[in-house]
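Structural overview for review
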Amino acid sequence: MEFTSARDAANDPRILMFGRLLGAANRLEYILGKSLEESVGISHTIFELLLLVGRAGGKGVPVRDVAQSRVLTSGGATRLVRRAEELGLIERETSPEDGRVQLLTLTDKGNDLVLEASALHAANIERYLIDLVEPGEVAPFAEALRVVSLNAAHTLPVMP
């Protein structure tokens, strides 16, 4: 579709929809991240890392998976992991199957912190997101977000 003016382009429903999605995500990340920092003393980025490592359970998650899931370069992922290690929240160990792979696991402190932070985070998600959606629309909304997120993840190139 060709636009005849900047105003037409800016008011295109598709462009408005994406802008609203991005704006909401940025604002919610700020609000929820600030709450995590003030209440439990960690950034939202560190919290997301802890969730990723926690999802893997005791088997651990490779550092390269952190880069891909967080859309970071390998250097950015290494810095994030190093910060979490310095805080005593995660540990790194060599994979028994491939000595080149470093696996991340939660420490006891990291596990305790992710539980505390998750309770706060879930309450804030209810307050700032779920409570604003009609009860019958929550599940379809969540499913639509899942589909969009998975599609974006599959479309991403492998992070360097």
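Small disclaimer: the values here were computed from a predicted structure and weren't measured.

Conventions we followed
Residues numbered from 1 in each chain as written. Predicted model: local features only at pLDDT ≥ 70, side-chain atom pairs only at ≥ 80, totals over all residues. Heavy atoms only, no water. Core = buried A, V, L, I, M, F, W, Y, C linked by side-chain atoms within 4.5 Å. Buried < 20%, exposed > 50% of the residue type's maximum accessible area, 1.4 Å probe, protein only. Helix = DSSP H or I, 4+ residues; strand = E, 2+ residues; numbered from the N terminus. Contact = heavy atoms within 4.5 Å. Pairing = 2+ DSSP bridges. Axes fitted to C-alpha atoms, helices over the stretch in contact; angles between N-to-C directions. Salt bridge = Lys/Arg side-chain N within 4 Å of Asp/Glu carboxyl O.

Here we take up the nonpolar core. With 25 residues, the main nonpolar core has I42, L49, L50, I90 and L104 as its most contacted residues. Elements with a minimum of two residues in this core: α2 (13–40), α3 (44–56), α4 (63–70), α5 (74–86) and α6 (108–128). Of the residues forming this core, the biggest block, 8 residues, is contributed by α3. Ignoring any residue separated from it by four or fewer positions in sequence, one finds L50 in contact with I42, L89, I90, L106, G110, L113 and V114.

Attention now goes to the sheet that holds strand β1 (residues 61–62). Note: strands within a sheet are paired through backbone hydrogen bonds, in either parallel or antiparallel orientation. Within the open sheet, the 3 strands sit side by side as β1-β3-β2. Their pairing is antiparallel. Whereas interior strands pair on both sides, the edge strands pair on one side only; in this sheet they are β1 and β2 (90–94). The sheet contacts of α3 involve β1, β2 and β3 (102–106), and relative to β3 the element is tilted by about 100°.

Here the focus is the pairing of β3. Bridge analysis of β1 against β3 gives 2 bridges, and the strand direction is antiparallel. Each bridged residue has a counterpart across the sheet, and for V61 the counterpart in β3 is L104. Judged from the 5 bridges that link them, β2 and β3 form a sheet pairing that is antiparallel. Within β3, the residue paired with E91 across the bridge is T105.

Let us now look at the side chain of H121. Considering the arrangement of structural elements, one finds H121 in helix α6. Those residues within four positions of H121 in sequence are excluded, and the remaining contacts are L32, L36, H44, F47 and E48.

Right, let's get into the pattern of salt bridges. This model, assessed by the stated rule, comprises 5 salt bridges. Salt-bridge contacts for E143 lead to R146; the nearest nitrogen and oxygen are separated by 2.7 Å. Highlighted residues: E143 and R146, both in helix α7 (residues 138–155), separated by 3 residues, approximately one helical turn.

Just distances and angles here, no functional claims.
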